[in-house]
Amino acid sequence: HTSPSQYPAFPPPPPAMPPVLLNLLISLIASTAVRPADPAGPCDIYGAAGTPCVAAHSMVRALYGGYEGPLYRVKRASDNATHDVGVVSRGGLADAAAQDKFCAGGVACTVDLIYDQSPQANHLGLAP
């Protein structure tokens, strides 16, 4: 058997950082933080695999992580006014609230254009 005195002693813990210095350190780290990269969308993943999207249509979400443009256009039956419905945030979901506001009051609206999010701009309009 070995006695406890034969084992090396652990060093004492370091002194606690004063709260003022800790807050300063946290502020410095936060102020130099870089904006995270956009999350990859399906077309980003396909492109990285060497098979880029030749068209990217969706009324639900952006198909590229950095996409910020319109997804589709709605047309109001009462006055034929149109409104582009985009994404809530970069690379995110459709802004359904914007469509609801534009088509409020029981006014009939139809989708008359679905935008191509790819660089090819192969937008889908109404068939003749």
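Structural data are supplied above this passage.
1. With respect to the sheet that holds strand β3 (residues 109-114)
Thought 1: Taken in spatial order, the four strands line up as β2-β1-β3-β4 in an open sheet, and their pairing is antiparallel. Only two strands of the sheet have a single partner each, and these edge strands are β2 (82-85) and β4 (124-125).
Thought 2: Sheet analysis places strand β1 (residues 72-76) next to β3, joined by five bridges and oriented antiparallel. Looking at the pairing, Lys-75 lines up with Thr-110 of β3.

2. Remarks on the nonpolar core
Thought 1: Residues Cys-43, Ala-56, Tyr-64, Tyr-67, Leu-71, Tyr-72 and Val-74 are the most contacted members of the largest nonpolar core, which totals 17 residues.
Thought 2: Leaving out residues up to four positions away in the same chain, Ala-56 has contacts with Cys-43, Leu-63, Tyr-64, Tyr-115, Asp-116, Gln-117 and Ser-118.

3. Here's the deal with a nonpolar patch on the surface
Thought 1: Judged by side-chain polarity, Met-59, Val-60, Leu-93 and Val-111 come together as a nonpolar surface patch covering roughly 340 Å² of accessible area.
Thought 2: Assessed through its relative accessible area of 55%, Leu-93 is described here as exposed.

4. A word on the pattern of salt bridges
Thought 1: Throughout the structure, instances matching the rule amount to three salt bridges.
Thought 2: Close ionic contact of Arg-90 with Glu-68 constitutes a salt bridge, the shortest N to O distance being 2.9 Å. You can see Arg-90 sitting in the loop between β2 and α3 (96-102) and its partner Glu-68 sitting in the loop between α2 (42-48) and β1, a full 22 residues away along the chain.
Thought 3: Under the relative-accessibility criterion, Arg-90 is labelled partly exposed at 35%.
Thought 4: On the accessibility criterion, Glu-68 (56% relative accessible area) is exposed.

Reading the values: the criteria
Residues numbered from 1 in each chain as written. Predicted model: local features only at pLDDT ≥ 70, side-chain atom pairs only at ≥ 80, totals over all residues. Heavy atoms only, no water. Pairing = 2+ DSSP bridges. Helix = DSSP H or I, 4+ residues; strand = E, 2+ residues; numbered from the N terminus. Core = buried A, V, L, I, M, F, W, Y, C linked by side-chain atoms within 4.5 Å. Buried < 20%, exposed > 50% of the residue type's maximum accessible area, 1.4 Å probe, protein only. Contact = heavy atoms within 4.5 Å. Patch = residues over 30% accessible without salt bridge, like charges linked within 9 Å, V, L, I, M, F, W, Y side chains within 5 Å. Areas by Shrake-Rupley, 256 points an atom, 1.4 Å probe, with all protein chains shown as cover. Salt bridge = Lys/Arg side-chain N within 4 Å of Asp/Glu carboxyl O.

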